[in-house]
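Working through the structure, step by step
The primary structure of each chain is shown beneath.
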Amino acid sequence: MPRSPLLIGVTELRRRPGTQREVTIDAEVPGLSITTARVPAGEPVQLDLVLEAIDGAITATGRVTAPWSAECRRCLDDVRGVASVDIREVFETHPVAGETYPIDGDDIDLEPVVRDTVLLHLPLAPLCRPDCLGPAPDEFPAVVEGAATDPDEPPDADGPPRDPRWAALDELRLDPD
Ligand SMILES: [Zn+2]
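What this report covers is the structure whose coordinates are included nearby. The residue numbering used here restarts from 1 in each chain and proceeds along that chain's sequence as written. For a predicted model such as this one, the threshold for reporting local features is a pLDDT of at least 70, and the threshold for listing and counting side-chain atom pairs is 80 or more; totals across whole chains, interfaces and linings nevertheless cover every residue. To get the side-chain values, all heavy atoms of the structure are used, and hydrogens and water are removed first.

For the rest of this paragraph, the subject is the overall build of the protein. Summing up its helical and strand segments, the protein has 3 helices and 8 strands in all. Strands are runs of DSSP state E lasting at least two residues, helices are runs of H or I lasting at least four, and both sets are numbered from the N terminus onward. Its helices and strands taken in sequence order, the protein reads β-α-β-β-β-β-β-β-β-α-α from the N to the C terminus. Here's how the labels work: a residue is buried when its accessible area is under 20% of the maximum for its type, exposed when over 50%, partly exposed in between, all with a 1.4 Å probe on protein chains only. Burial statistics for the protein: of 177 residues in total, 34% are counted as buried. Contacts: residue pairs with any heavy atoms within 4.5 Å of one another. Counting only contacts in the protein whose residues sit at least 6 apart along the sequence, the fraction spanning at least 24 positions is 62%. Accessible areas in this description were obtained via Shrake-Rupley with a 1.4 Å probe; residue shielding takes into account the shown protein chains only. Carbon and sulfur atoms make up 53% of the accessible area of the protein, which amounts to about 11100 Å² in all.

Put into structure tokens, the structure is as follows:
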């Protein structure tokens, strides 16, 4: 299996504390998906980061940019967008669960950072436009935010969208380390 482009060797960086290294990566990360939206297969996530060695740790500061697609929750048309998120994460030899990421031997792995960041920023209630009225507004007026739901409408079988933060935690638990 080819080495993941998101695995970054940091040995040199750690030997020279205070130095910085710019990292620009386009990487396909499968499985970035929540109930309401997803990063389409074959479309890369872009990372523009500066890595810096500080006190034995590595900080990664910069931006994660991910294209997403979804269906408008009113008219079900395709909706496309881009999540662009500024991050500052810390990698250390003994990471704090939920707060910092591990330095594993010579490497840091940016994939968990991408997963945690993107899953938290995919839209939970996508709309094709803010005033979308649904597919047939005359016959089926859109339900206004906060109003009572149509009693004829069946309840959502899947329940409310799952909090993507839990999905991120699942990914962490699945991590073999
Ligand atoms: Zn719509």
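Here the focus is the coordination of the zinc ion. Listed donor atoms are N, O and S within 2.8 Å of the metal (Na, K and Ca: 3.2 Å). As water is not included, a site may look incomplete. At the metal site, the zinc ion is ligated by Cys72 (SG), Cys75 (SG), Cys128 (SG) and Cys132 (SG), and these contacts range over 2.2 to 2.3 Å. Any site counts as irregular unless it has four donors with all angles between 85 and 135 degrees, making it tetrahedral, or four or six donors with opposite ones more than 155 degrees apart and the rest between 65 and 115, making it square planar or octahedral. With 4 donor atoms in place around the zinc ion and angles of 105 to 114 degrees between them, the coordination shape is tetrahedral. In primary-sequence terms, the residues that donate to the zinc ion follow C-x2-C-x52-C-x3-C. With Cys75 in the loop between strand E5 (57–71) and strand E6 (78–92) and Cys132 in the loop between helix H2 (111–121) and helix H3 (164–174), the pair connects residues that are 57 residues apart, well separated along the chain. Note on accessibility: Cys75 and Cys132 belong to one class, buried.

With that settled, the discussion passes to the nonpolar core. Ranked by size, the top nonpolar core spans 40 residues in total, and within it Leu47, Ile58, Phe91, Ile108 and Leu110 carry the most contacts. Taken together, the elements giving at least two residues each to this core come down to strand E2 (20–27), strand E4 (45–54), E5, E6, strand E7 (101–104) and H2. No other element matches E5, which puts 6 residues into this core. Beyond its immediate sequence surroundings of up to four residues, Phe91 is in contact with Ala57, Ile58, Ala60, Tyr101, Pro102, Ile103, Ile108, Asp109, Leu110 and Val113. In plain words, nonpolar cores are sets of buried Ala, Val, Leu, Ile, Met, Phe, Trp, Tyr and Cys residues tied together by side-chain atoms within 4.5 Å.

Moving on: the pattern of salt bridges. Any carboxyl oxygen of Asp or Glu that lies within 4 Å of a side-chain nitrogen of Lys or Arg is treated as forming a salt bridge with it. Applying the stated criterion across every chain, the model contains 7 salt bridges. Between Glu111 and Arg115 there is a salt bridge, with the nearest N and O atoms lying 2.9 Å from each other. Here Glu111 and its partner Arg115 are both found in helix H2, 4 residues apart, which amounts to about one turn of the helix. The exposure class assigned to Arg115 is buried, which follows from its relative accessible area of 11%. Between Arg129 and Asp131 there is a salt bridge whose closest N-O contact spans 2.9 Å. Given the relative accessible area of 43%, Arg129 is considered partly exposed.

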